[in-house]
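Structural overview for review
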Amino acid sequence: MSKFYNRELSWLGFNYRILSEAKDKSIPLMERLKFLSITASNLDEFIMIRVASLKDMVHAKYTKKDIAGLTPKEQLEAISQGTHELVDAQYNTYNRSILPALKRQGLKIITQYENLTKEQAEYVDHFFRQEVYPVLTPMAVDSSRPFPLIRNKTLNIAALLVDKKQKDTIDFATVQVPSVLPRVVHVPSETEGETAVILLEQVIEKNIQKLFLNYKVVAASPYRVMRNADLTIDEDEAADLLIEIEKQIKKRQWGEAIHLEVESGIDKRLLRILKKELRISEEDIFKINGPLDLTFLMKVYGMEGYDHLKDAPFHPQPPRNLDLNRDLFEQIRERDILLHHPYETFDPVVNFVRAASKDPDVLAIKQTLYRVSSHSPIIASLAQAAENGKQVTVLVELKARFDEENNIVWARKLEKAGCHVIYGLVGLKTHSKITLVVRKEEDGIRRYVHLGTGNYNDSTAKLYTDMGMFTCKRPYGEDATAVFNMLSGYSEPLVWNKLSLAPNWLREKFVSLINRERDNAKNGKPAKIIAKMNSLCDAGIINALYDASAAGVEIELIVRGICCLKQGLKGMSETIHVRSIVGAFLEHSRIFYFENDGKPEIYMGSADWMPRNLDKRVEILFPVEDEKLKAQIMHILELQLSDNLKAHILQPDSAIDKEAASPVNVYGGIYKKAERRGKPPIGAQMTFCKEAKNAKHG
């Protein structure tokens, strides 16, 4: 039996934890809607990237087993079963819980066209003629017109047609549901105070006869295809990385079809044609009991008039360690400053770059950008800084998945403004989060540094929990300069002061820190590890944790998503406890605590404990040394370890009934909500919100 869980099945388990929030009736209804939509969006990306990658391995006859002992083919079989079960659970939640609850609150999603009243049907038919019909492009398939290329993730309607003159001939046609029109269509309601909506594909399906006047439509049904979107780029052969990635993005729309969604009542003849033309295998067909693509629920969430069914909005607060009315550089000179987002506003980070762009004493600004918002104020400030004559160097990571197009646009804008734009190192993604500002002051050149656990994205900073630190201490500044020299050229210092970087040294650093705790425990010294991250699936790190646990080290892991470590293995992981927190904000910060024989060390950084982060990305780990800041971080960790509202606890592997369990549980582990046992409810995220509101600032 393997001592690891499978990465992909563990991820499916994480999506189940999100789904459990959609099922939780103690959560406001619209928030449950949002969680259900997130599970659908997550699953799309999982299929397009992770499942696609495994299919590529099978096509290439790759048979090497993963750390859980499964070949790519065996993984696909388990994933297929687990994904079908997850989709069934999604739609059970939608049909049995969400829809009736919405109706009780006066929001009716009309599920059958036949359920429309006469007035509503007339309204919808008029809406089709005036707004929808002019936009549609019906595409017939016959001997002269081949099956069209169906774009990735688009919603379409397939139809079987019979020529009214040649009644023995059956033809196929397809119509794309236009994304330029709103999918949620409001219709008049006869009940006062009720809002009624119908989905656009239903409107098109029931009026599809009007698109084929010389034919009789025998059957019509929505369908949706997902394609392989995992970009394969040979950077060594690419003369221009930016142009090569632009080409690959276009190919993403036409990759191999790997997933087909259809309505459960689809005509068998229609399904046969789709299966044949798209070359889809039976296990990759999902017959859906409800509307395809539940991400439309985010549109419903955004409808006006239902704020009483949502969590009270939280607005990020001024940081407790900063006076927003004082000069930022002056405050950084006084002490290191810690930021905790989204509880504390991201504005100081934006203002840091903005102030530097205007400050006549600033000579240079250097920054790494992985994901930024569509209207990024940081990009605008960097461009302004270059126009103001400052030396501006920006590393834009073009390979940030699904942000490639956005990043290409920003890279070109920055180049036009006069910034020196670099695209990172061949074969590596630059995932580190660092900004360096070089300033001329009375006592010489001073370097101001911001280091973070999350992206320089002012939009997601309101949704993701992340940490950041400002410092101008010389050792950090020297290391920051070395980082950018390494990224822009080929200069690597022999010695680093404070920072540890992947892919060269970070793995060894983590293993060394874990082994030090192991050795301390063996020698009867205080030993403890607390680690918070997004994912844990690196076999080397997990084995080091197993060794530390066997030596008696108490290990607390807060892992939001994938966790391949098995808890409770006799003599191996009995002192390890794993929890996953799923709440209103997406847990994204990476924090690492090591007891170190009573002299605790705390690190933060951009890297999870995953092979890709430790071996294939440029990542930064930095120590937090100020005792006041360390106390704040310990408070954050302790509160998350006390959470009994949003925490899901990984159960010992021995608790799984292997005969009856789903593949998700067998190969990905079982999580259960934390037990309170008479204890008062504690929600870490809610508490952080309250603390941020009540904090004394400056």
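The structure under discussion appears in the preceding block.
Residues numbered from 1 in each chain as written. Predicted model: local features only at pLDDT ≥ 70, side-chain atom pairs only at ≥ 80, totals over all residues. Heavy atoms only, no water.

Closest axis-to-axis distance for the helix H1 (residues 7-23)/helix H3 (residues 72-104) pair is 10 Å, and the angle between their directions is 5°. The pairing of H1 with H3 is recorded here as roughly parallel in orientation. Counted together, Glu8, Leu9, Leu12, Asn15, Tyr16, Leu19, Ala22 and Lys23 of H1 and Gln75, Ala78, Ile79, Gly82, Thr83, Glu85, Leu86, Ala89, Gln90, Thr93 and Ile98 of H3 form the full contact between these two elements. Across the contact of H1 with H3, the residue classes break down as 10 nonpolar, 6 polar and 3 charged. (Axes fitted to C-alpha atoms, helices over the stretch in contact; angles between N-to-C directions. Helix = DSSP H or I, 4+ residues; strand = E, 2+ residues; numbered from the N terminus. Parallel < 35°, antiparallel > 145°, perpendicular 65-115°, else oblique. Contact = heavy atoms within 4.5 Å. Nonpolar A, V, L, I, M, F, W, Y, C, P; charged D, E, K, R; others polar.)

What follows is about the pairing of strand S3 (residues 155-163). Residues in a regular strand point their side chains to alternate faces of the sheet. S3 sits mainly inside the fold: 9 of its 9 residues count as buried. Bridging between S3 and strand S7 (residues 215-227) involves 9 bridges; their strand directions are antiparallel. Bridging across to S7, Ile157 finds its partner in Pro222. With 7 bridges joining them, S3 and strand S4 (residues 170-176) adopt antiparallel strand pairing. Note that in S4 the partner of Ala159 across the bridge is Ala173. (Buried < 20%, exposed > 50% of the residue type's maximum accessible area, 1.4 Å probe, protein only. Pairing = 2+ DSSP bridges.)

All told, the structure shown has 37 salt bridges when counted by the stated rule. When the shortest N-O distance is used, the salt bridge between Arg224 and Asp44 registers 2.4 Å. Pair noted here: Arg224 is in strand S7 and Asp44 is in helix H2 (residues 29-59), with a separation of 180 residues, a long-range link. For Arg224, a relative accessible area of 2% puts it in the buried group. Salt-bridge contacts for Asp336 lead to Lys473; the nearest nitrogen and oxygen are separated by 3.1 Å. Of this pair, Asp336 sits in the loop between helix H9 (328-334) and strand S10 (337-341) while Lys473 sits in the loop between strand S17 (464-471) and helix H13 (474-488), and the two are 137 residues apart along the sequence. Via salt bridges that share partners, Arg333, Asp359, Asp361, Arg439, Glu441, Asp443 and Arg446 belong to a single interconnected network. (Salt bridge = Lys/Arg side-chain N within 4 Å of Asp/Glu carboxyl O.)

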